[in-house]
Every structure is written in structure tokens, then in C-alpha cells.
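Here are the chains, one letter per residue:
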Amino acid sequence: MRFRTDSFHAPASCLLALGFCAVAPVQAQHLESATTRAVDGVFAAYDSDQTPGCALTVLDQDEVVYGGVYGMADLEHGLPITARSVFRTGSVSKQFTAAVVVLLAEEGVLSLDDPVRKYLPELPGITDDITLRHLLHHTSGIRDYLDLMALAGRGSDDFYRKEQALDLLVRQRALNFPTGTQFVYSNSGYFLLSQVVERATGRTLRQEAQERIFGPLGMTRTHFHDDRNEIVVDRADGYAPLEGGGYEISMTKLDLVGDGGVFTSADDLALWLAHLDGEQAAGSAFMNTMLARGSLADGTTLRYAMGLGHGTYRGMRYVGHGGSFVGFRAATVQFPAARASFGVLCNRADADAMGLALEVAGVVLDGRMDSPEPPRSEPDEDAGEAEPPPSVPDGSVEELVGTYFSPELDATYDIRTEGEGLVVEVDGIRTLRLSYQEPDVYRAMFTTLRFHREAGRVVGLGATLPRASAIEFVRR
């Protein structure tokens, strides 16, 4: 299903120290009908009044040339997705956080090379060497607060305040790695940047973004959602598929921002992409900073810049970012050489928004890209082929039973036998079955538990998720 929308033109030189200039509408050109049919075909599985779906915007230079809406914004009330439907964007929000920080740096309010403890002195001494630039590039080593909360038994459907998340990070006694030596994506960095903005300006990230970006660009349906009780007109509900068919609501009570939290529509996202295109074409200092790739201490250049990643699709370079949280998926992709931009917003957890955006780009820019790679006849090495189940432990599991406490999480794990195996009760909130991997190593869903011994006696354990490593628990 297509929608008709005005397009927007943002003069390439309109970036100011205090914010962005307003944009002026221009008449959109349109894609050829064969191309639009092919684009709609990419979303064929989403174009139903029985399923949640997606909204699409396509820009040629700074003009919207096509928009599509597919599926439903609200299954309970039978409301279809429109170009004005408002979606949560997950980590697509990071480019807006980075933009605010870069603008503040240009104005001299802060420096990208300031230590984070200049603004957040309560952070532990292990963060002494961490700068704002490290946070922006995911090279700080700070553990991901979402993973830490998960280890403490709190998921995306639970509520906690930004003060609790900050306190959690203050309690950490170790980093994932020495600062600057690795790239590990961490939502903590961008959450902390939101707090840095507050300390440096006395205003919230929401207020700064509204004044510097959303207001000047006319993005009237966009904001950092920092109030969970706020009514949002035309908000799309998030959904997750059920195993037996159908969908269930998948939303969150969380209202932390910086790493996520931007709500926007396809119409508004087009305004942002149009502006970025103009800034890239002009080679503005702002955009040069936004697109500057990070680097490691050993000189390795990263693909990640300031809330934007660099990639290549069918031989053509692009910059963009994906977003994934609860029942929402989102992506922005821009191809500077073609001056083409693509934005996808979805309200279903099984959507691959980045994959959809790139596939649409392949349709629209087909003649300018390399030919698609043929399907592989053999599975990739990382295709996830089934492995034989691990052998059961030789000894008794009784010696692992006990209560373990982590001061870093302020959380307790109670490990007990159930049937012939073990389960872990996480801080009295949820109970998970433990799967044996190897001696003294078990898994609980995505968490790895490694039991520690002294003189043969179990004295503690380390809990690890991909973005939060070796959280120590002491046996009580």
C-alpha cells in the first residue's frame, strides 16, 4: 500500500551552532510504477489487515520519492499504519543523541574528549580513562545496563527509573575490557550521554533535541519518550509473534533515553534523512564529525561512527543504524554516492528492518549496484547447525546448590535442584532451568554461569551475557 506525501528540502548549509534550520517543502518526484511494485513486493508479507507491519520512506537526494504503509498499527481497534503513525525506534535513537552531543561540542558547552567523570563524578574509578568519545564509539568497556538488569532478573517489561540504572553502573567494579582496546556495543554509553547532557546544560536530552533538531526541522511527531505515562497521538502498538500463530502485545514501561527512546513517524523520519543528505553533500563540519569512524588504541579503525555505522551493500557504501526493542524494529540507511536514503519503521518483533531497508535500496538502485550474490548452496559456518547435546555432569550437582549474591547487581541467585537438574531463581523474580555445558559451566537461556572453586569447594560464580561479562557472585 502506498501513501502520497510531500517531500522536504533542507538547504545543505542550514546547520547552526544552536540547532538546525527549518525545511521547505518541494514537489516530490516519483519512482517508476515497475519499481514501486517491486518495492511493495518486499513488504508483501506485511501488507495485511490481520498483522502488524511497517512504514517506509524513500528519498532521492532530499526529496521523498516513495512511501509505503503495510499492516496495522493497532490490531485491537483495527487501525492501519499511516505515514503519521508513531513508532518506537530503539537504537536508531542513538544518531539523535550523538547529534545533540556533537552540536553541544561545536558550541563549546562540552568536548568530545572530556572525561565522563567530569559530569558524572559518582561513577567508579574504573571509568577514569573514559571520555565522551569512547561512549559514542562503544569503546568504553562499560557493561551494558540492559544486560546487567537482565542478570538481576529485570527485563524490558519491568519498570525502573534512570536513577536506578545510573546507580547500577556506579556499583560496577570492573569493565568488559580495558578502555579503548575493543569495540563492544553498549547501551550504557548512550544512556550515560543523556545524563551528561543534563549535567552540562541543566536541561533534559528531550529538551535539547527538541530545540536543536526536532523543532527546527518541523518534526512535530518526534520526541525522546522520557515519560512512560505520556499520551502519544497515533502511537503504533508493538507486537511479537506467538508460536501457534497470531500476535501478542510487546511493549515496555521503560522511559530511559539516549540509547533509545525516540518516537517518530515515517513523515518525520523523512525530514531527518533529507537534512542529513544535505549535510553530507555539503561536507559540513557537523556531518564530518558524525561520520568520523572510531578507532582503537592499536590503531584499528572501526566501522562505527557517532550513532551511525558504515557498511557496504552490493558494492555500494552506506551509513545507517538499526533499532530493536520489544515489539519494534527500525532502520535508517543512506547511500552517499547515490544520494539515496531509506527509512523503515515496524511494529512487529519478527521484522528485519535493516534487511528490508537494504532490500528496498537494492530495488531502487539496482542499476547502480553490483549484482546480488547468488544463494549459497552450502550453509555458512555460522548458520547455527545443531550440535549434539552436552553430556551430563559426572558428579553430583548438590555441591552447586546454594545462595549467591552480587554487590554489583544488588541481586541474589538461589540455585536449587529440580527434578534431575538445576534451576536458578533470579532475585526472587524469575526461575530459569540450568543447562550443563562443561564442568562447572551452565547456561540459563543466554546467560553463562561459571562456578568458582577454592580448594575444591564452590565459593562463587561469574555470570556473563554478551555485553556484560563476568559479574561476580559470592556464595553465602
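Higher on the page you've got the structure.
Note that the structure is a prediction, hence the values are computed from the model and not measured.

Student: Help me understand the nonpolar core in this model?
Tutor: Nonpolar side chains tend to gather and get buried jointly when the protein is soluble and globular. By size, the foremost hydrophobic cluster in this structure holds 101 residues, and its most contacted members are Leu192, Trp272, Met290, Leu409, Tyr413 and Leu461. Setting aside residues up to four positions removed in sequence, leucine 409 forms contacts with Leu148, Leu151, Ala152, Leu168, Arg171, Ile471 and Phe473. If you look at the next biggest cluster of nonpolar residues, it comprises 30 residues, including Tyr70, Tyr318, Ala338 and Leu358.

Student: What am I meant to see in the pattern of salt bridges here?
Tutor: Pairs may arise between side chains of opposite charge once their charged atoms sit close together. Taken as a whole and assessed by the stated rule, the structure comprises 24 salt bridges. Here aspartate 114 ties to lysine 118 by a salt bridge, and the two come within 3.6 Å at their closest N and O atoms. Judged by its relative accessible area of 11%, aspartate 114 falls in the buried class. A salt bridge links aspartate 350 to arginine 348; its shortest N-O distance comes to 2.9 Å. Judged by its relative accessible area of 37%, aspartate 350 is partly exposed. Residues joined by salt bridges that share partners form a network here, namely Glu107, Arg203, Glu208, Glu211 and Arg212.

Student: Please explain the state of the cysteines as it appears in this structure.
Tutor: One covalent bond between the sulfur atoms of two cysteine residues makes up a disulfide. Across all of its chains, the model carries 1 disulfide by this definition. Here cysteine 54 engages in a disulfide with cysteine 346; their sulfurs sit 2.2 Å apart. Looking along the S-S bond of the cysteine 54-cysteine 346 disulfide, the torsion reads about 100 degrees, which is the right-handed sense. With cysteine 54 in strand 5 (residues 54–60) and cysteine 346 in strand 17 (residues 340–346), this pair connects stretches of sequence that are 292 residues apart. Neither cysteine 54 nor cysteine 346 differs from the other in exposure class; each is buried.

About the thresholds
All chains use their own residue numbering, which begins from 1 and follows the written sequence. In view of the model being predicted, local features appear only for residues whose pLDDT reaches at least 70, and side-chain atom pairs are presented and counted only at 80 or more, with totals across whole chains, interfaces and linings using the full set of residues. The basis for every side-chain value is the complete set of non-hydrogen atoms in the structure, without hydrogens or water. Buried Ala, Val, Leu, Ile, Met, Phe, Trp, Tyr and Cys residues form a nonpolar core when they are joined through side-chain atoms within 4.5 Å. Throughout, exposure labels follow a simple rule: accessible area from a 1.4 Å probe, protein chains only, divided by the maximum for the residue type, with under 20% read as buried, over 50% as exposed, and the rest as partly exposed. The contact criterion used throughout is that any non-hydrogen atoms of two residues lie within 4.5 Å. In what follows, salt bridge is the name for a side-chain nitrogen of Lys or Arg lying within 4 Å of a carboxyl oxygen of Asp or Glu. Here, the term disulfide refers to a pair of cysteine sulfur atoms separated by no more than 2.5 Å. The helix and strand labels rest on DSSP assignments: H or I over at least four residues marks a helix, E over at least two residues marks a strand, and numbering proceeds from the N terminus.

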